[in-house]
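Spelled out, the chains give:
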Amino acid sequence: MNKGSLQVRGMFASIAHRYDLLNRLLSLSLDRYWRYKTVRKLDPSLPDNGIVLDLCTGTADLALELSKKFSVLGCDFCHPMLVLGREKVRDKSLENKIRFVEGDALNLPFSSLSFHAVTIAFGLRNLEDYTQGLSEIYRVLRPGGSFAVLEFSQPQIPFFRQLYLLYFSRILPWIGRLISGQSVPYSYLPDSVKNFPDPERVDQMIREAGFVDVNHSSLTFGVVTLHVSCKGDPKVSVGNK
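Nothing here was measured: the structure is a model prediction, and the numbers come from that model. (Residues numbered from 1 in each chain as written. Predicted model: local features only at pLDDT ≥ 70, side-chain atom pairs only at ≥ 80, totals over all residues. Heavy atoms only, no water.)

J.: Please clarify how the overall build of the protein chain should be interpreted in this entry.
T.: For the protein chain, the count of helices and strands is nine helices and seven strands. In terms of overall size, the protein chain behaves like a compact globule, its C-alpha atoms giving a radius of gyration of 17 Å where 241 residues would be expected to give roughly 18 Å. Dimensions of the protein chain, computed from C-alpha atoms along their principal axes, come out at roughly 50 × 40 × 35 Å. Looking at the protein chain as a whole, 51% of its 241 residues are labelled buried. Of all intrachain contacts in the protein chain linking residues separated by at least 6 positions in sequence, the fraction that spans at least 24 positions is 71%. Carbon and sulfur atoms provide 53% of the accessible area of the protein chain, an area that totals close to 11400 Å². (Helix = DSSP H or I, 4+ residues; strand = E, 2+ residues; numbered from the N terminus. Rg over C-alpha atoms; globule rule 2.2 N^0.38 Å. Buried < 20%, exposed > 50% of the residue type's maximum accessible area, 1.4 Å probe, protein only. Contact = heavy atoms within 4.5 Å. Areas by Shrake-Rupley, 256 points an atom, 1.4 Å probe, with all protein chains shown as cover.)

As structure tokens, this is what we get:
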């Protein structure tokens, strides 16, 4: 693991204890809706007993939403986040639906063709190497399997964009520092979103990794973007693989 990845891991470890609270507060609880939409966008042909890899699972919010229909394997390289995720799963008695593995998204500890679907929410942007991360996701996904990326983006509606940028660059970091007691993570967030490729370029990167049927949709006036695609022929049934 290189220096950049170690810094990101340490940064998230430092705010793990306030991560869920700040997610709800800073997103006005819209993060729940975004995750719901992500699960709804997965290929409806996925078998109900399919196994979904939730990459960069954090404290398992998306894994919990996915578990309403699928078995889930949550993977993250930040141990304190996984500890909190396991506690939430245990509190809801969902240990039979959600399991966890500590691992690096750039070098996944799984065999090829292991999963019916892969999701990653607000994690692709934090990878040191997007190309390597997408390559690993492609490797572990079964032919015909769904891939969903939920990620922050920058709104394009002029007036709303100005309000968003003011909130995201000034107000959000201040609230984040106040509640978490950490200054770096909530300064890093707006900078990382600013430097992340636009949705069209993200679609292109996904295609270059080998995925097909790639498309995206904007949520909440473009605050986040949901990218969906699949591996190989989208008509292939992953249940038969």
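There's plenty left to go through after this.
J.: Help me out: how do you make sense of the pairing of strand 3 (residues 98-102) in this one?
T.: Each regular strand shows side chains that alternate between the opposite faces of the sheet. Of the pairings in the sheet, the one linking strand 2 (residues 71-76) to strand 3 comprises five bridges and is parallel in character. By the bridge assignment for strand 3, G74 is matched with F100. A crossover links strand 2 with its parallel partner strand 3, the connecting element being helix 5 (residues 79-91), and its sense is right-handed. (Pairing = 2+ DSSP bridges. Right-handed = clockwise from strand over helix to strand, strands pointing away.)

J.: Teacher, can you tell me more about the layout of surface pockets here?
T.: The method is simple in principle: a probe with the dimensions of a water molecule rolls over the atoms, and the space it marks as empty is what remains. Reported here for the largest pocket is a volume of approximately 540 Å³. L26, S27, F152, F168 and L172 are the residues nearest the centre of the largest pocket, which is lined by 28 residues in total. Secondary-structure elements contributing two or more residues to the lining of the largest pocket are helix 1 (3-15), helix 2 (19-26), helix 3 (30-41), helix 7 (158-180) and helix 8 (184-195). With six residues, helix 7 is the largest single contributor of residues to the lining of the largest pocket. For the lining of the largest pocket, the residue count by class is 22 nonpolar, three polar and three charged. (1 Å grid on protein atoms, 1.4 Å probe; cavity = no way out; pocket = protein on both sides within 12 Å on 5 of 7 lines; lining within 4 Å. Points joined across faces, edges and corners; volume = space filled by probe spheres on them. Nonpolar A, V, L, I, M, F, W, Y, C, P; charged D, E, K, R; others polar.)

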